[in-house]
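# Topology and contacts: notes
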Amino acid sequence: MMKLLLPLIFIILNFVFSASSNNRAGAGLDIGSKGSGIFFNYLFGNNKKNFDFVGELRYFDIKGETESIVYDYWTNQYVTISGQNLLFIPVLVGFNYHPFAGQIANNFSPFITIRGGLNLTIDGKEGNGSYNEIWRKAKTQWSSAGFIGGGIEFRWYNQSSVALHIGSDIIKLKQEADQKKDYSGLLIHISFNRFIKNK
């Protein structure tokens, strides 16, 4: 295990402390089969533009299987029925590998990605009520999380980039939350990033 761990630590430190012009930071949207959310990420890229070390923090709202939005004619408002108050906050690290970096014109770069880390689950009280009533005594737990997939990144003149990821979110809880342990599923991950200029 140590034989694999030491080279990995060396690669990570090399990216963290390198003065690369390929580092970028940003935010984006998650749309998945289990819910939706937002995220923030930072990418340490090498100068060859074929490898990125990624750090990511997400806020993910889990949708109930029978959840839907209906129009209430009494209040003239749209309301959610059969919803569940369940939040995931995954903290992930991993990498993007661009196998065709520099070989395709127009700053179009396909990649594969693997990420892993920890997920904080916050399970609020079910039903309607005030914010305090739902979240004051919420149950929490930590579990492992991951993402594996592929995508395409579009870069514009070393100023900004947009990346579309499609893959499988892997989230399996230690304890049941809303009668389930496995919240893995399809995820579409869209990030909008700005390149970090070196001083």
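### Describing unusual backbone geometry
With the exception of glycine, the majority of residues adopt a negative phi angle, and the majority of peptide bonds are in the trans configuration. One non-glycine residue, Lys49, lies in the positive phi region at around 65°. Tracing the backbone through its elements, the reader meets Lys49 in the loop between strand E2 (35–45) and strand E3 (51–62). Even without glycine at this site, Gln179 takes up a positive phi of about 65°. Examined against the element boundaries, Gln179 turns out to sit in the loop between strand E9 (160–177) and strand E10 (180–182). The exposed category is assigned to Gln179, whose relative accessible area is 68%.

### Thoughts on the pattern of salt bridges
One pass over the structure, following the stated rule, counts 7 salt bridges. For Arg24, the salt bridge goes to Asp52, with nearest N and O atoms at 2.7 Å. Of the two residues, Arg24 is situated in strand E1 (residues 24–32) and Asp52 in strand E3; the sequence distance between them amounts to 28 residues. Per residue, the accessibility class of Arg24 equals that of Asp52, and both read buried. As a salt-bridge pair, Asp169 and Arg58 come within 2.9 Å of each other at their nearest N and O atoms. Remark: Arg58 occurs in strand E3 and Asp169 occurs in strand E9; sequence separation between them is 111 residues. Assessed through its relative accessible area of 5%, Asp169 is described here as buried. Linked through salt bridges whose partners overlap, the residues forming this network are Asp30, Glu56, Arg58, Arg115 and Asp169.

### A closer look at the packing of aromatic side chains
The full count for this structure, using the stated rule, is 5 aromatic pairs. Aromatic side chains Tyr42 and Phe44 sit 4.7 Å apart centroid to centroid with 45° between the ring planes, which places their arrangement in the tilted category. Between the aromatic rings of Phe51 and Phe95, the centroid separation amounts to 5.3 Å while the plane-to-plane angle is 15°, which identifies the pairing as stacked. Of this pair, Phe51 sits in strand E3 while Phe95 is found in strand E6 (residues 86–97), placing the two residues 44 residues apart along the sequence. In this structure Phe51 comes out as partly exposed when scored by relative accessible area, which is 22%. Taking the relative accessible area as the measure of exposure, Phe95 reaches 29% and is therefore partly exposed. Members of the aromatic cluster, joined through ring pairs, are Tyr42, Phe44 and Phe53. Of note, Lys180 hangs over the ring of Tyr183, and the distance from its end group to the ring centre comes to 4.9 Å.

Calculation rules
Residues numbered from 1 in each chain as written. Predicted model: local features only at pLDDT ≥ 70, side-chain atom pairs only at ≥ 80, totals over all residues. Heavy atoms only, no water. Helix = DSSP H or I, 4+ residues; strand = E, 2+ residues; numbered from the N terminus. Buried < 20%, exposed > 50% of the residue type's maximum accessible area, 1.4 Å probe, protein only. Salt bridge = Lys/Arg side-chain N within 4 Å of Asp/Glu carboxyl O. Phe/Tyr/Trp six-rings, centres within 6.5 Å; stacked < 30°, edge-to-face > 60°. Lys NZ or Arg CZ within 6 Å of the ring centre and 35° of its normal.

Purely geometric stuff here, so don't read any function into it on its own.
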